[in-house]
Amino acid sequence: MIKLKTEKQIDGIRVSCKMLSAMYRELIPQVKPGVQTIDIDFWVRNWVKQAGAKPAFLGYCPRRASDPFPAAICISINSEVIHGIPSKRKIREGDLVGLDCGIEYDGFFSDQAISIEAGRVSREVHDLNITARECLYRGIAAVKAGDRLLQVARAVEGHAKARGYGIVREYCGHGVGFSLHEDPQVPNYPHGPNPRMSNGMVFAIEPMINGGSGDVELKDDGWTVITADRCVSAHWEHTVAIFQGKTEILTDPLE
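Since this is a predicted model, take the numbers as computed values, not measurements.

The rules we used
Residues numbered from 1 in each chain as written. Predicted model: local features only at pLDDT ≥ 70, side-chain atom pairs only at ≥ 80, totals over all residues. Heavy atoms only, no water. Axes fitted to C-alpha atoms, helices over the stretch in contact; angles between N-to-C directions. Helix = DSSP H or I, 4+ residues; strand = E, 2+ residues; numbered from the N terminus. Parallel < 35°, antiparallel > 145°, perpendicular 65-115°, else oblique. Left-handed = near helix turned anticlockwise from the far one by under 90°. Contact = heavy atoms within 4.5 Å. Pairing = 2+ DSSP bridges. Buried < 20%, exposed > 50% of the residue type's maximum accessible area, 1.4 Å probe, protein only. Expected span 1.5 Å × (residues − 1).

Chemist: Now, about the packing of helix H1 (residues 7-27) against helix H2 (residues 37-50): what can you tell me, with residues and values included?
Modeler: Their axes nearest at 11 Å, the elements H1 and H2 cross at an angle of 140°. Classified by the angle between their axes, H1 and H2 sit oblique to one another. Between H1 and H2 lies a crossing of right-handed hand. Between H1 and H2, the contacting residues are Met19, Ala22, Met23, Glu26 and Leu27 on the first element and Ile40, Trp43, Val44 and Trp47 on the second.

Below is the structure:
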């Protein structure tokens, strides 16, 4: 069931989103070669606590996972698509580092992801990352009150396919605001339910674009999703809302 939000409730979600983006702006300069990903997670936990909010991912436990997610932020590097668990692993020169984080503030949830190029990356990695970001904004441009949701998926898929990249199909965007994951699902290729977009809908659009095929696997940790062919993957995400017949990106641009 899609939970429509009032303008007052969207105001609350917007505050959470702006807080999340403010956190990212301070964090991004610290994501560089030589840094352990576990140190990034500790920093995020402290920042969110000092802001009077809660890390939405920490302890999150959907039915598919055997254990709760053990960190405040997902850090996925190179062939890791999403849900990478922070560890003592160090970021290296040329890595593509995907950050995905959510915040709960005053009962409202936000969600945003960005892929950061650590130091100097290859041309192939840079082009993939640019295309994934473009897929995000093409999807957002397709969000229009009164139109059908799957036009977002068509916009994302069309751009990725035109550039020769793979689209992850097993994972997708989602409603957000009252909880971290709500209806509707927002796929990156056209399939499944196709509700009409309307005022009060808030959802996260998040293309996951692979340098090779779109096929993925789940690691033994029960969380980290990796590309089946071990090609690099890029992930970008914004939380958007529809109200008064218009679309607003609630999270801030970070590129």
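Chemist: Describe the sheet that holds strand S6 (residues 166-167), with residues and values.
Modeler: Pairing is antiparallel across the open sheet formed by three strands, whose spatial order is S6-S10-S13. The strands lining the two open edges of the sheet, one partner per strand, are S6 and strand S13 (233-235). Bridge analysis of S6 against strand S10 (residues 208-210) gives two bridges, and the strand direction is antiparallel. Bridge pairing in S10 links Ile167 to Ile209.

Chemist: So what about the environment of Ala118? Which residues, and what values?
Modeler: The topology assignment puts Ala118 in the loop between strand S5 (108-117) and helix H3 (123-141). By relative accessible area, which is 0% here, Ala118 ends up buried. For the pair Ala118 and Ile91, spaced 27 residues apart in sequence, the C-alpha separation works out to 7.5 Å. Ignoring anything within four residues of it in the chain, the contact list for Ala118 reads Pro33, Ile91, Arg92, Glu93, Gly94, Asp95 and Val97.

Chemist: Provide a residue-level description of H1, including the pertinent values.
Modeler: Given a rise of 1.5 Å per residue, 21 residues ought to cover 30 Å, and the 30 Å separating the end C-alpha atoms of H1 matches this to within 8%. Taken residue by residue, H1 has Ile10, Gly12, Ile13, Arg14, Ser16, Cys17, Met19, Leu20, Ser21, Met23, Tyr24 and Leu27 as its buried positions.

Chemist: Residue-level account of the sheet that holds strand S12 (residues 225-227), with values.
Modeler: Strands sit in the order S3-S12-S11 across an open sheet of three strands; the sheet is antiparallel. Of all strands in the sheet, those with a lone pairing partner are strand S3 (80-82) and strand S11 (216-218), marking the two edges. Pairs of neighbouring strands in the sheet enclose a mean axial angle of 40°, with direction left out of account. Judged from the three bridges that link them, S11 and S12 form a sheet pairing that is antiparallel. Bridging from a neighbouring strand, Leu218 pairs with Val225 of S12.

Chemist: For the pairing of strand S9 (residues 202-205), give the residues involved together with the corresponding values.
Modeler: Burial along S9 is two-sided: the face carrying Val202 and Ala204 and the face carrying Phe203 and Ile205 are both buried. Note: strand S7 (residues 173-175) against S9, two bridges, orientation antiparallel. Across the sheet, the residue bridging to His174 is Ala204, located in S9. Both S9 and strand S14 (residues 238-243) contribute to a ladder of four bridges, which runs antiparallel. From the neighbouring strand, Val202 faces S14, where its bridge partner is Ala241.

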